[in-house]
Amino acid sequence: MAQDVADGALAFVTVTVGDLRLALPLAAVRAVIRLPELVRIPLGPPSLDGLAQWHGEAVPVLDLAGALGRPMAVPAGARATRETRVVLVGHHGQPVGLRVDAMAGILRSDPDRIDPVTQEEGGLDPAMLDGLLRDGPATILKLDALIERQFGDRTEGGRADRRTGGFGLATAGEAAKAGAGADRQALLVFEVAGQEFALPVDRVREVLPAPREVARMARAKAHLLGVMAVRDRLLPLVGLRALFGLDGTGGQAAGRRVVVVRPGAGQAPVGVLVDEVREILRLDPAQIDPVPPLLAREPEFEDLDGIARADGGRRLVSVLSAQRLFRHGAALADKAGVEAGAKRDGAKGDGMEPAMPADGGEGKIGVGERFVVFRLAGAEYGLPVAAVREVLRRPDGITPLPNAPDFVAGVLTLRGEVLPLIDQRRLLNLPAADSAGKPAAGIERGRVVVVGRDGLLVGLLVDGLSGLVTVPAERIGPAPAVSAAQRRLIRRVATLDTAGDMAGGARLILLMDAESLLDMDRLADLPVIPQ
């Protein structure tokens, strides 16, 4: 269950997946982000969309619909919309992403308003459910059970690393990283008329759908929209479009969500009409600047507490003041005859602590490793330069080898030696190069990467060659172990900044184990992951 807040309620992040409305304990949520660029990792479960880079870590992202056994009729990219989000949750100290159709908001509920699950709810396995929220209504997910079911036994012996839950080796300074976000400010970011605003998460009581009708108060200012009924109480509603003179009118038709703000002790909640709830950010307080003095003197800026610099300063988010928004709501409450009930202040902790980038010791760049990087099915893979003998053009014809494993495409004669050729797509259970009757992009420039050791030579059929890359030691980490087969072949991942990418993108390179590729007997024993 979610961690208790000060008033005894339990807090949840609510999301939608198809026709399901689901609740995730807020204490387990580290962040909610837009759908990032994903790199597919082979030999994983069908629900695994790929790896995303987040704060310098390679994070596995699951399609929550697939993980719940819901039909996935179209590819992941085709289902992505402007509202698609990835909820990053903690699992045994490591982040895991859950892709959802949309973020519904934050909901707080008293424990006595949570019903137990006694049978299948919406076709879901009760073993993955933790209860039913009456106020949502929403179904609470049991995150550990859900994630464990997807990844199963992640190590070769079926024993997960107790320190990390099997998602990689513990890194130096992990405990310091885990606590580093304790002083960071958690913000709920939403959009109004194309502009981004935010409120501290601990001041947000819940997020509700916008009402169809709002009871207007006579002679009220344009930004004071009126009141709406919420569980037998009247909630004052403030419109940010009119308050800040943004495009459009202050009418309720312009918004789709109501963020319910908890101003403070002794003050009644206030509803803020917004267009869309975007994400949850957690920033260092130093990244939130006060409103410039020249603007602070203007009345229209008195509702701001500061300006947050997100994404390295490329995004500016206006942080609203919960206290000053209360004054607007109080004016409406007085007109409607609503008494401001005393509300205890919100909880201080919300459990959303992102994994920070690994600390490279004392800031010194470590000795780099060199890799031959090649392309395969839209992703990049690397092998240590010392293990690669040469890289050849893909031959026009390959001699088949009878009774060979399926992943052996045939043999090639190289300077008098017979070289077995491994079709990497087959080995890694990736889509065939000629699926849908068309060759994969770049396949005409296909290459053979020759790997060798102690007289053993193997040729790897790949789509193309990216070149030689030197990776600093601090940018190499363990790959999330999503299956025993993947863990045997891909043990590390390199995370590099994309040169010249103003959006702060990252390049993920999956680093393969050369020794495992040379062991044909063990390769033949790799379990097949159904797709």
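Please read these numbers as outputs of a predicted model, since none were measured by experiment.

Conventions adopted
- Residues numbered from 1 in each chain as written.
- Predicted model: local features only at pLDDT ≥ 70, side-chain atom pairs only at ≥ 80, totals over all residues.
- Heavy atoms only, no water.
- Helix = DSSP H or I, 4+ residues; strand = E, 2+ residues; numbered from the N terminus.
- Buried < 20%, exposed > 50% of the residue type's maximum accessible area, 1.4 Å probe, protein only.
- Contact = heavy atoms within 4.5 Å.
- Areas by Shrake-Rupley, 256 points an atom, 1.4 Å probe, with all protein chains shown as cover.
- Salt bridge = Lys/Arg side-chain N within 4 Å of Asp/Glu carboxyl O.
- Core = buried A, V, L, I, M, F, W, Y, C linked by side-chain atoms within 4.5 Å.
- Phe/Tyr/Trp six-rings, centres within 6.5 Å; stacked < 30°, edge-to-face > 60°.
- Pairing = 2+ DSSP bridges.
- Axes fitted to C-alpha atoms, helices over the stretch in contact; angles between N-to-C directions.

1. Quick notes on the overall build of the chain
- Scanning the chain from terminus to terminus reveals 11 helices and 33 strands.
- The proportion of buried residues among the 531 residues of the chain is 50%.
- Taking as baseline every contact in the chain between residues at least 6 positions apart, the subset at least 24 positions apart corresponds to 63%.
- Of the roughly 24100 Å² of accessible surface on the chain, 50% is carried by carbon and sulfur atoms.

2. A look at the pattern of salt bridges
- A full pass over the atoms with the stated rule returns 19 salt bridges.
- The shortest N-O distance in the salt bridge between R315 and E196 comes to 2.9 Å. Taken together, the residues span a long stretch of sequence, with R315 in strand β22 (residues 315-320) and E196 in strand β13 (residues 195-200) at a distance of 119 residues. A single burial state applies to R315 and to E196, both of which are buried.

3. Quick look at the nonpolar core
- Grouped together as the largest cluster of nonpolar side chains are 97 residues, with contacts concentrated most on L188, Y381 and L383.
- Once residues within four sequence positions are removed from consideration, Y381 is found in contact with R40, P42, V372, V373, F374, L376, L428, L430, I490, I509, L510 and M512.
- If you look at the next biggest cluster of nonpolar residues, it comprises 10 residues, including L208, L225, L237 and L273.

4. A closer look at the packing of aromatic side chains
- Inspection of the entire model under this criterion finds 1 aromatic pair.
- Taking the centre distance of 5.9 Å and the plane angle of 10 degrees together, the rings of F374 and Y381 count as stacked. This pair shows no difference in class: F374 is buried, exactly as Y381 is.

5. Quick look at the sheet that holds strand β27 (residues 417-423)
- The strand order β25-β28-β29-β27-β26 describes an open sheet built from 5 strands, whose pairing is mixed. Looking at the sheet topology across the chains shown, the edges are occupied by β25 (388-393) and β26 (408-414). Between one strand and the next, the sheet's axes are offset by a mean angle of 30 degrees, whatever the strand orientation.
- Sheet analysis places β26 next to β27, joined by 6 bridges and oriented antiparallel. Along β27, the bridge assignment pairs L412 with L419.

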